[in-house]
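# Inside the fold
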Amino acid sequence: MAETQTNGLEVLETREWLDSLDYVLAEGGPERAGRLLQQLSLHAKRAAGVNLPFTATTPYQNTIAAVQQPPFPGSQEMERRIKSLVRWNALAMVVRANKMQEGIGGHISTFASAATLYEVAFNHFLRAQTETGDRDLVYFQGHAAPGIYARAYLEGRIPKQKLENFRRELMPGGGLSSYPHPWLMPDFWEFPTVSMGLGPIQAIYQARFIRYLENRGLKLSTDGKVWAFLGDGEMDEPESLGSITLASRERLDNLIFVVNCNLQRLDGPVRGNGKIIQELEAIFRGAGWNVIKVIWGGDWDSLIRNDRDGLLVKRMGEIADGQYQKYFVESGAYFRQNFFGTDPRLLKMVDHLSDEQLARMRLGGHDPIKVHAAYKAAVENVGSPTIILAKTIKGYGLGEAGEGKNITHQQKKLNDDELQMFRSRFGIPIPDAELHDAPFYRPADDSAEITYMKERRKQLGGYLPERKVRAKPVSPVSESHFEEFYKGTEGRDVATTMVFVRLLGKLLRDPEIGKLIVPIIPDEARTFGMEALFRQVGIYSSVGQLYEPVDMDTLLYYKEAKNGQILEEGITEAGSMCSFIAAGTAYANHGINTIPFFIYYSMFGFQRIGDLIWAAADMRTRGFLIGGTAGRTTLAGEGLQHQDGHSHVLALSVPNLLAYDPAFAYEIAVIIQDGIKRMYVDQESIFYYLTVTNEPLPMPEMPHGSEVRDGILKGLYRFKASAKKDAKLRAQLFGSGTIMFEVLKAQQILEEKYGVAADVWSVTSYKRLYRDGNDCERWNMLHPGEAARLPFVAQCLKDAPGVFVAASDYMKVLPESIAQWVPRPLTALGTDGFGRSENRASLRDFFEVDAKHIVLATLTALARDKQISPDILQKAIKDLGINPEKLNPALS
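The next subject is the overall build of the protein. Scanning the protein from N- to C-terminus turns up 34 helices and 20 strands. Overall, the C-alpha framework of the protein stretches about 110 × 75 × 55 Å when taken along its three principal axes. Burial analysis of the protein (892 residues in total) assigns 58% to the buried set. Intrachain contacts of the protein at a sequence separation of at least 6 include 77% that bridge at least 24 residues. The average position of the 102 basic charges and that of the 109 acidic charges among the side chains of the protein differ by 2 Å.

Listed below in structure tokens is the structure:
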């Protein structure tokens with residue numbers, strides 16, 4: 001009895017407090033109510049030590065209440081009809097493709113769930129040009145590509161033939177790529193996003209790079225936004241969440257994430273036993289983002305408004321996503337019994353609704369009014385990035401063919417009955433007799449739908465997506481910046497890293513391109529000897545420098561500035577690569593020829609962020625990747641995790657990447673000068689990878705002759721010919737990077753001790769030689785009746801006498817990649833295997849790439865040709881101090 005009275009009293013007290021709060025809300029508004037609640041919380045804490053339970057989430061309901069929704073600015077009926085047309089053509093595209101070519105693939109369900117999210121954005125928010133002349137940048141969810149193509153078809157931008165060739169790009173007349181790929185559709189797509197997780201992190205760094213351009217005075221400050229349309233399953237990728245605090249720390253209110261929370265990934269629920277929307281809300285709220293949840297459609301408004309005791313919202317929050325998915329595929333009766341039937345009071349709330357009405361209760365992500373309200377709040381938000389979590393049903397509209405089912409991601413086909421149901425549900429005027437072929441449908445150009453679409457896009461500045469090269473070519477860089485490097489160092493030891501830093505410093509002072517250079521460093525500037533640039537150009541900070549640095553009294557102190565030029569990214573190669581991509585595509589996205597130089601530990605490039613490098617290639621990124629502390633045996637002491645002996649092998653895989661392993665200062669100067677010309681004067685869609693090292697060595701003067709410069713760029717030239725022209729024993733030695741100096745030592749030993757005259761060749765790029773050789777082979781195969789083309793390496797070596805030996809600080813497969821075009825068998829020495837913590841001499845001995853092993857390899861090749869006896873080999877092994885029983889470095 002006493003417990004009943006207590007419960008009744010609590011209910012009464014709660015009601016009084018709620019009534020009081022309603023009064024404050026009515027009289028003072030939400031802000032006053034918020035301040036009052038905060039004061040009550042502080043008072044309870046101070047007066048009685050009351051600790052409110054911590055929660056990183058808000059109740060499982062819409063962030064924007066119905067009473068706060070702005071008026072919808074367009075025609076809901078017209079936009080529904082347009083959306084239905086887009087839905088149909090997206091579905092028809094995939095269904096037709098798989099009818100014509102079994103297994104060609106494609107995705108229906110992602111766009112089916114996100115159609116409203118896209119249509120509201122296209123009709124009211126995504127600006128091809130803003131009032132200030134800027135524009136929005138949009139990262140479209142890759143699996144939704146059919147819907148984007150379908151809309152472009154209705155807009156008249158993509159012909160019907162292209163739709164018929166979806167995923168058939170090699171058909172006559174061309175086709176459409178499976179996903180967003182700027183390399184394949186350079187006038188349409190801007191950002192490849194279907195390697196999931198890369199869209200979110202790129203969008204963050206793109207938004208930050210825009211602020212960088214504005215703060216440095218390279219771009220006018222505007223209200224352009226960066227939008228990223230994402231999937232809830234995609235948020236499991238480390239790249240999706242790994243940099244979200246950067247966005248809030250930088251107060252990137254120009255960034256908007258729209259997450260399509262259809263609760264499903266490829267195989268099943270994203271969080272069957274949890275709630276993905278609540279999980280993401282907690283993560284992003286904790287990171288300082290503005291979070292807007294769009295969970296329930298307008299059909300739920302009256303129920304939520306009448307939920308005075310919070311029973312409905314409580315029930316909404318109790319149910320796991322896996323169970324919600326079950327509700328989506330079951331009947332209204334099932335929904336009534338299992339959702340509302342747990343409490344008589346909940347059942348009473350829906351007495352007035354039929355089972356059919358309950359089954360049709362829309363979710364927030366399918367309600368254009370709710371979505372519009374969220375978008376409007378997002379674009380008006382100031383001081384923080386925004387994430388919109390919109391709840392949808394995967395495969396929405398597919399019905400029995402896959403709506404809400406675990407198999408819906410793989411749905412490629414619909415039978416005639418399913419097509420008829422979809423056609424009728426969305427009111428597409430196609431007769432039954434034609435449905436079997438799933439024909440495309442586009443109203444006449446003067447129809448109300450097409451007119452409305454075009455007018456909305458006209459109001460928003462044009463069509464999206466659309467890629468244009470907006471920047472004009474730069475003028476050639478002055479030769480004076482490079483001349484000092486042609487002269488060598490006159491015996492002084494200098495690491496190629498310092499050569500690069502010196503050259504970069506000179507380029508930064510250039511009156512035209514200096515301001516365009518973007519140095520990018522993942523917290524290793526001092527490792528690479530770049531601290532002098534701190535003072536010269538400053539480290540970018542959106543707030544300047546709010547503290548006195550600890551090294552303020554030194555010449556090279558850590559100088560942060562709002563107009564700083566260096567992007568000091570911290571320990572994140574992925575984030576740094578995204579800045580590289582943003583800077584390297586600014587020529588198209590912003591009309592600014594920024595020239596990024598991203599320098600990093602070479603081991604942590606292709607091996608760690610190869611997916612982003614591949615995306616950069618797809619995006620036609622320009623710029624220089626600089627692999628510092630490169631070479632398996634050149635980075636002493638660091639050991640297995642740091643010593644890179646395979647980045648140049650991995651670089652072979654990227655089609656439009658030029659990869660160089662220069663040995664000398666003048667080679668670096670020639671390559672960078674040519675790179676700037678090709679990318680920013682000639683505007684080629686290429687980018688560069690150079691490896692530089694931290695081993696101080698004497699830099700020679702550049703040999704004379706035009707063939708030297710040509711050879712540096714094409715990959716091979718003779719650096720030092722033997723003076724012993726009349727020697728009977730001859731050899732050709734290939735070197736690159738720091739191993740070139742071991743090759744030069746070997747040349748001397750061979751001549752002085754064994755009477756072998758050896759010419760030394762500098763191989764600056766095995767990749768260039770490999771590509772050129774294959775290009776010639778292909779041409780010759782396809783043109784049997786014409787004079788055969790000779791690969792560049794074969795042209796260089798056609799008259800070279802003797803045996804061929806190549807030594808590299810990279811895997812043997814790198815020099816072996818050109819072996820077929822070398823006149824005689826090529827012996828390759830390389831650094832296959834795991835690195836070790838040791839000094840350089842010991843490492844080179846261990847990996848068998850030092851001078852003595854180069855000598856032995858040369859003598860072995862001569863013995864194989866029967867030019868010397870095996871006895872000489874035995875003696876050489878002993879004289880050179882080589883242990884023939886040592887462990888195999890490739891396996892040990």
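From this point, things continue past the structure.
What follows is about the packing of aromatic side chains. Remark: the centre distance and the inter-plane angle together describe each pair of aromatic rings, the angle taken between the planes. Following the criterion strictly, the structure yields 53 aromatic pairs and no others. Seen from their ring centres, Phe339 and Phe340 are 4.6 Å apart, and the 70° between their planes marks the pair as edge-to-face. Its relative accessible area of 1% is what places Phe340 among the buried residues. Among the aromatic residues, ring-to-ring pairing joins Phe111, Tyr118, Phe122, Phe125, Phe140, Tyr149, Phe166, Phe188, Trp189, Trp227, Phe229 and Tyr375 into one connected group. Positioned over the ring face of Tyr60 is Lys275, at 3.8 Å from the centre of the ring. A cation sits over an aromatic face here: Arg620 above Trp183, 4.3 Å from the ring centre.

For the peptide bond that leads from Leu464 to Pro465, omega is -5°, which places it in the cis range. Residue Arg251 is not a glycine yet carries a positive backbone phi of 55°. For Lys866, which is not glycine, the phi torsion reads 60° and is therefore positive. With respect to the element layout, Lys866 can be found in the loop between α33 (851–864) and α34 (870–880).

Taken in spatial order, the 6 strands of this open sheet run β10-β7-β11-β12-β14-β13, and their pairing is parallel. The sheet is open, and its two edges are formed by β10 (567–568) and β13 (657–660), each paired on a single side. Two strands pair when backbone bridges link them, and strand β7 (residues 517–521) and strand β11 (residues 595–601) are joined in this way by 4 bridges, in the parallel orientation. Paired with Val518 across the two strands is Pro596, which belongs to β11. Relative to the sheet, helix α24 (residues 606–618) contacts β11, β12 (624–628), β13 and β14 (687–691), its axis offset from that of β14 by approximately 155°.

This brings us to the sheet that holds strand β16 (residues 716–720). Read across the sheet, 5 strands follow the order β16-β18-β17-β19-β20 without closing on themselves; strand pairing throughout is mixed. The sheet is open, and its two edges are formed by β16 and β20 (826–829), each paired on a single side. Averaged over all neighbouring strand pairs, the angle between strand axes comes to 30°, with direction disregarded. In the sheet, strand β17 (residues 729–735) pairs with strand β19 (residues 803–807) via 4 bridges, with the strands oriented parallel. Note on β19: the bridge partner recorded for Ala731 is Val803. Lying on the sheet, helix α28 (residues 739–754) is in contact with β16, β17, β18 (756–763) and β19; it crosses β18 at an angle near 170°. In the packing of α33 onto the sheet, contacts are made with β17, β18, β19 and β20, and the angle to β19 comes to roughly 155°.

If you check α33, its first and last C-alpha atoms are 20 Å apart, about what 14 residues at 1.5 Å a residue would give, namely 20 Å. Within α33, 12 of the 14 residues are buried, which leaves the element mostly enclosed by the surrounding structure. Those residues of α33 not exposed but buried are Ala851, Lys852, His853, Ile854, Val855, Leu856, Ala857, Thr858, Leu859, Ala861, Leu862 and Ala863. With its phi angle positive at about 60°, Lys866 sits one or two positions after the end of α33.

Each regular strand displays side chains that alternate between the two surfaces of the sheet. Across the 5 residues of β14, 5 count as buried, placing the element largely inside the fold. Both faces of β14 are covered, namely the face carrying Phe687, Tyr689 and Thr691 and the face carrying Tyr688 and Leu690. Pairing analysis gives 4 bridges linking β12 to β14, with the strands arranged parallel. When the bridges of β14 are listed, Leu625 appears paired with Tyr689. Of the pairings in the sheet, the one linking β13 to β14 comprises 4 bridges and is parallel in character. Counterpart to Ala659 in the pairing with β14 is Tyr689. Assessed by its sense of winding, the connection that carries the chain from β13 through helix α26 (residues 665–681) to β14 is right-handed.

Take the pairing of β17 next. The buried fraction of β17 amounts to 7 of the 7 residues, a majority that puts the element mostly inside the structure. Residues Leu729, Ala731, Leu733 and Gly735 of β17 are buried on one face, and the alternating residues Arg730, Gln732 and Phe734, pointing to the opposite face, are buried as well. Assessed by its sense of winding, the connection that carries the chain from β17 through α28 to β18 is right-handed.

This part covers the packing of helix α6 (residues 198–215) against helix α22 (residues 573–584). Where α6 contacts α22, the axes come no closer than 9 Å and their chain directions differ by 60°. Taken together, the axes of α6 and α22 are oblique relative to one another. Considering only the axes of α6 and α22, their crossing is right-handed. Where α6 approaches α22, its residues Ile201, Gln202, Tyr205, Gln206, Arg208 and Phe209 are matched on the opposing element by Ala574, Gly575, Cys578, Ser579, Ile581, Ala582 and Ala583. Counted by class, the contact of α6 with α22 contains 8 nonpolar, 4 polar and 1 charged residues.

Once that is clear, we can look at the side chain of Asn165. Among the structural elements, Asn165 can be located in the loop between α5 (160–164) and α6. Setting aside its immediate chain neighbours within four residues, Asn165 contacts Met171, Pro172, Gly174, Gly175 and Leu176.

To continue, consider helix α2 (residues 76–100). Its 25 residues give α2 an end-to-end C-alpha distance of 36 Å, which sits within 8% of 36 Å, the value for a rise of 1.5 Å per residue. Most of α2 sits out of view: 19 of its 25 residues are buried.

What follows is about the state of the cysteines. All chains considered together, the criterion is met by 0 disulfides. Cys776 supplies the cysteine sulfur nearest to Cys796, a cysteine that is in no disulfide, at a spacing of 12 Å.

Judged by side-chain polarity, Trp17, Leu37 and Leu40 come together as a nonpolar surface patch covering roughly 320 Å² of accessible area. Along the chain, Trp17 falls in helix α1 (residues 2–48). For Trp17, a relative accessible area of 57% translates into the label exposed.

By the definition in use, this model includes 52 salt bridges. The partner of Glu569 in a salt bridge is Arg208, with the nearest N and O atoms 2.4 Å apart. You can see Glu569 sitting in the loop between β10 and α22 and its partner Arg208 sitting in helix α6, a full 361 residues away along the chain. One salt bridge connects Glu742 with Lys745, and the closest N-O pair in it is separated by 3.4 Å.

A pair of packed helices is characterised by two quantities: the angle between their axes and the separation of those axes. Remark: α2 packs on helix α3 (residues 109–124), axes separated minimally by 10 Å, with the N-to-C direction vectors making an angle of 130°. It follows from the interaxial angle that α2 and α3 lie oblique. Remark: the crossing between α2 and α3 carries right-handed chirality. The residues of α3 that touch α2, namely those facing Glu79, Ile82, Lys83, Val86, Arg87 and Ala90, are Phe111, Ala112, Ala115, Thr116, Glu119, Asn123 and His124. For the contact of α2 with α3, the per-class residue count stands at 6 nonpolar, 3 polar and 4 charged.

Before going further, it helps to examine the environment of Ala448. Turning to its location among the elements, Ala448 is positioned in helix α18 (residues 448–459). With near-sequence residues (within four places) excluded, Ala448 lies in contact with Met78 and Arg81.

Conventions and cut-offs
Residue numbers here run from 1 along each chain, matching the order of that chain's written sequence. With pLDDT at 70 or above as the cut-off, local features in this predicted model cover only qualifying residues; side-chain atom pairs require 80 or more to be listed or tallied, and sums for whole chains, interfaces and linings still use all residues. Calculation of side-chain values draws on the structure's entire complement of heavy atoms; hydrogens and water are dropped beforehand. We count a stretch as a helix when DSSP gives it H or I for four or more residues in a row; a strand needs E for two or more, and each element gets its number in order from the N terminus. With a 1.4 Å probe rolled over the protein chains alone, any residue whose accessible area is under 20% of its type maximum counts as buried; one over 50% counts as exposed, and the rest are partly exposed. Residues are treated as being in contact if the distance between any of their heavy atoms lies within 4.5 Å. A residue counts as positive if it is Lys or Arg and as negative if it is Asp or Glu; His and the chain ends are not included. A single reference atom marks each charge: NZ on Lys, CZ on Arg, CG on Asp, CD on Glu. Think of it this way: a Phe, Tyr or Trp ring, Trp meaning its six-membered ring, pairs with another when their centres are within 6.5 Å, and the plane angle makes it stacked under 30 degrees, edge-to-face over 60, tilted otherwise. Consider the ring centre and the ring normal. A charge sits over the ring if Lys NZ or Arg CZ is within 6 Å of that centre and within 35 degrees of that normal. Strands are labelled as partners when DSSP assigns at least two bridges between them. Here the axes come from fitting lines to C-alpha atoms, over the contacting stretch only for helices, and the angles between their N-to-C directions go from 0 to 180 degrees. Residue count minus one, scaled by 1.5 Å, sets the expected span of a helix. Looking down the strands as they point away from you, a crossover is right-handed if its path from the first strand over the helix to the second goes clockwise. In this scheme, roughly parallel covers angles under 35 degrees and roughly antiparallel covers those over 145, while 65 to 115 is roughly perpendicular and the rest are oblique. In a left-handed crossing the near helix is turned counterclockwise from the far helix by less than a right angle, and in a right-handed crossing that turn is clockwise. Residues are sorted three ways: Asp, Glu, Lys and Arg are charged, Ala, Val, Leu, Ile, Met, Phe, Trp, Tyr, Cys and Pro are nonpolar, and all the rest, Gly among them, are polar. Disulfide assignment relies on a single distance test, namely cysteine sulfur atoms paired within 2.5 Å. To count toward a patch, a residue needs a relative accessible area over 30% and no salt bridge; like charges are then connected within 9 Å, while nonpolar side chains (Val, Leu, Ile, Met, Phe, Trp, Tyr) are connected within 5 Å. Where accessible areas are quoted, they stem from the Shrake-Rupley method and a 1.4 Å probe; at the residue level, only the protein chains shown are allowed to cover. In the sections that follow, a salt bridge refers to a side-chain nitrogen of Lys or Arg positioned within 4 Å of a carboxyl oxygen of Asp or Glu.

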